[in-house]
Amino acid sequence: MARPGEPRRTGGPVAWWRRRSLRFRLTATATAVLALALAVSAYVFVMVLGESLIRNIDDQVYQRGREIVALSDAGRLPDPVTSVNNTIVQVLGPDGRIVDATSDTDRLVPLLPARARESAVRTGAPQFVNGRPYALPGPLRVRVLSADHGVTVIVARSFTEVESSLVTTGHVLLAGMPLLLALLAAASWLVIGRTLRPITSLRRGAAAVGGTARSRRLPVPEARDEVHALATTLNDMLGRLEEAEARQRALVSDAAHELRSPLASIRLQLEVALSHPEGQDWNETAEGVLEETLRLSRLAEDLLALARLDEGRLSRREPVDLGDLARRTAERYDLGLDLGSGDGSGDGSDLAPGPPPVVLGDALDLRRVLTNLVDNALRHAASAVRIGVRTGGAAGAGVAELTVTDDGPGIPPEDRERVFDRFTRLDDARSRDDGGAGLGLAIVRTTVEAHGGTVHLEDASPGLRAVVRLPLAR
C-alpha cells in the first residue's frame, strides 16, 4: 500500500509494456516471434534429421539382412559372417541356437529372445534394442528376417553414431540461436529506428509549430508510404488552420474597425452636447446616439450569427415551406412574387408542377437569408424587386430554387464572388449608412452552406439575380 504523499504505482506486465517506446516494443515483438520461429524450425530440423538417419540405418540393415538370407538359402554362408558397414549379424538355426555370426557379437546369446523374434518376423518392422547387456555400446537398431529351412537372421547396427550426431547438432543450434537472435535484434533495432525516423522528424516539426507560427509545415519524407501520407494530411490540416486563423484575424480586425466608427460618432455627439449644453438639441442628440446604437446592435447580431454558423451547426431542423416564406416576405416589402418561375415570367399565382418547395432547416435563418437578399436588392434597384420560388427544372431534381431579382446596375462578373466575403463593399456601396457593414451576403452564403445549399449571383439583363438552391426535404 502506498504511503501518503507517494506517487501511486501502476504495476503489472501490461502497464510496463505499454510504457515502453514503440521502437522497443516492435523490436521485442519481432525478436520474440523470430525466437519462436527459430525454436520450432530447430526442433523440426532435428526431428527430420533423426528420421532420415534412422531410415538410412534401417535401409542398410535390411539390405545386409537380405544378402545374408540369400547366402543362407544358397548354402554359401561364410563362418564367421563378414561385417559390412559395422553391421552385426547372428544366424540362428531351427532350434534357436546361433550357428553363425560376425566376429564382433556374442555367439551364445541371441540379441532378441524367441517371442520377440517371432513378432519381429511377423511385423517386419525394425526396433531398438539396448546393446549394453551384450557388451555392445549404446542402443542398436535391429531387424529380423526369416530364411529357408527355419533359419532366422538377426541384423543390427549401432545407433550411437546417429545419436551423437543429433546431440552435436542440437548443441550447435542451442549455441548459435542466441547469437543469431542478438544479431537479428540489433538489425531490427536499427531498421525500425530508421523507419521511425520520419515520425521523429514529424514530432520535432510539430513541436516547433507555435500558436503564432505562420507558414509552418511538417517535413515530408521522400518515400511514398504511410508516413508520407500522414505528413501530407497534417500539412493540409495546418494549411486549413492557418487559413481559419487568417480569417479570424481579418474578422476581428474588420469588426474592430467597424465598431470604431459608431463608437466614435456616439462619443463625439455626447462630448459636443456636454460641452455646449445650453445650445444643444437633446432630442436630436438622442436620435443620433440611438441610430449609432442600433447600428452597433445590428453589427453585434451579425457577428453572433456568423460565429454560430461558422461552427457548422443549426439551431433547429424543421420543415420550412419556401413558397410561404417568399409570400410573407413579398407582402411585407410589397414586392412582386413568382411562385413557380423565379425569372420574372411567372403568373404570380400557382407553383409549377412538382413537389412543394419544402426544405429542412432553421426557419429564422432562412428568413434572414431572404431578408438580407431583399434588403440588398432594394438598396440597388431602380424600380422593382421580384422574389421567385421554383422546384426541379434547371435547378435540378430534388432541389428548391429561391431567387431575388432587381433591375439595378448589377455587379461586374469579376466581383460577384468577392461580395460574399465578410466586410466587403463595392465602390458604389461604401457608405456605411447605405451599404451596411458588409456582412449581409456573407451571412447569406454561410447560412445556405450550413443548410447544404449553394448561392451565386447572375446577370438578370437588366439588373442582378441572387440564386439560392437548397435540397428539398425527403
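Nothing here was measured: the structure is a model prediction, and the numbers come from that model.

Asker: Residues and numbers for the sheet that holds strand β7 (residues 336–339), please.
Answerer: The sheet built from 5 strands is open, its strands ordered β7-β9-β10-β12-β11 with mixed pairing. Only two strands of the sheet have a single partner each, and these edge strands are β7 and β11 (454–459). Averaged over all neighbouring strand pairs, the angle between strand axes comes to 15°, with direction disregarded. Pairing analysis gives 6 bridges linking β11 to strand β12 (residues 464–471), with the strands arranged antiparallel. Each residue of the ladder has a partner; that of Glu458, found in β12, is Arg465. Helix-sheet contacts for helix α7 (residues 322–333) involve β7, β9 (385–391), β10 (399–406) and β12, and the interaxial angle to β9 is about 170°.

Asker: I'd like a description of the environment of Phe128, backed by residues and values.
Answerer: Position of Phe128 relative to the elements: it lies in strand β3 (residues 127–130). With relative accessibility at 42%, the residue Phe128 sits in the partly exposed group. Measuring from C-alpha to C-alpha, the distance between Phe128 and Leu140 comes to 5.6 Å, with 12 residues separating the pair along the chain. Those residues in contact with Phe128 that sit more than four places away from it in its chain are Ile54, Pro139, Leu140, Arg141 and Phe159.

Asker: Run through the packing of aromatic side chains, naming residues and quoting values.
Answerer: Considering all chains together, one arrives at 3 aromatic pairs under this definition. The interplanar angle of 85° and the centroid separation of 6.0 Å between the aromatic rings of Trp16 and Phe24 together place this pair among those described as edge-to-face. Given the relative accessible area of 30%, Phe24 is considered partly exposed. Over the ring of Phe128 we find Arg141, and its NZ or CZ is 4.4 Å from the ring centre.

Procedures and definitions
Residues numbered from 1 in each chain as written. Predicted model: local features only at pLDDT ≥ 70, side-chain atom pairs only at ≥ 80, totals over all residues. Heavy atoms only, no water. Pairing = 2+ DSSP bridges. Helix = DSSP H or I, 4+ residues; strand = E, 2+ residues; numbered from the N terminus. Axes fitted to C-alpha atoms, helices over the stretch in contact; angles between N-to-C directions. Contact = heavy atoms within 4.5 Å. Buried < 20%, exposed > 50% of the residue type's maximum accessible area, 1.4 Å probe, protein only. Phe/Tyr/Trp six-rings, centres within 6.5 Å; stacked < 30°, edge-to-face > 60°. Lys NZ or Arg CZ within 6 Å of the ring centre and 35° of its normal.

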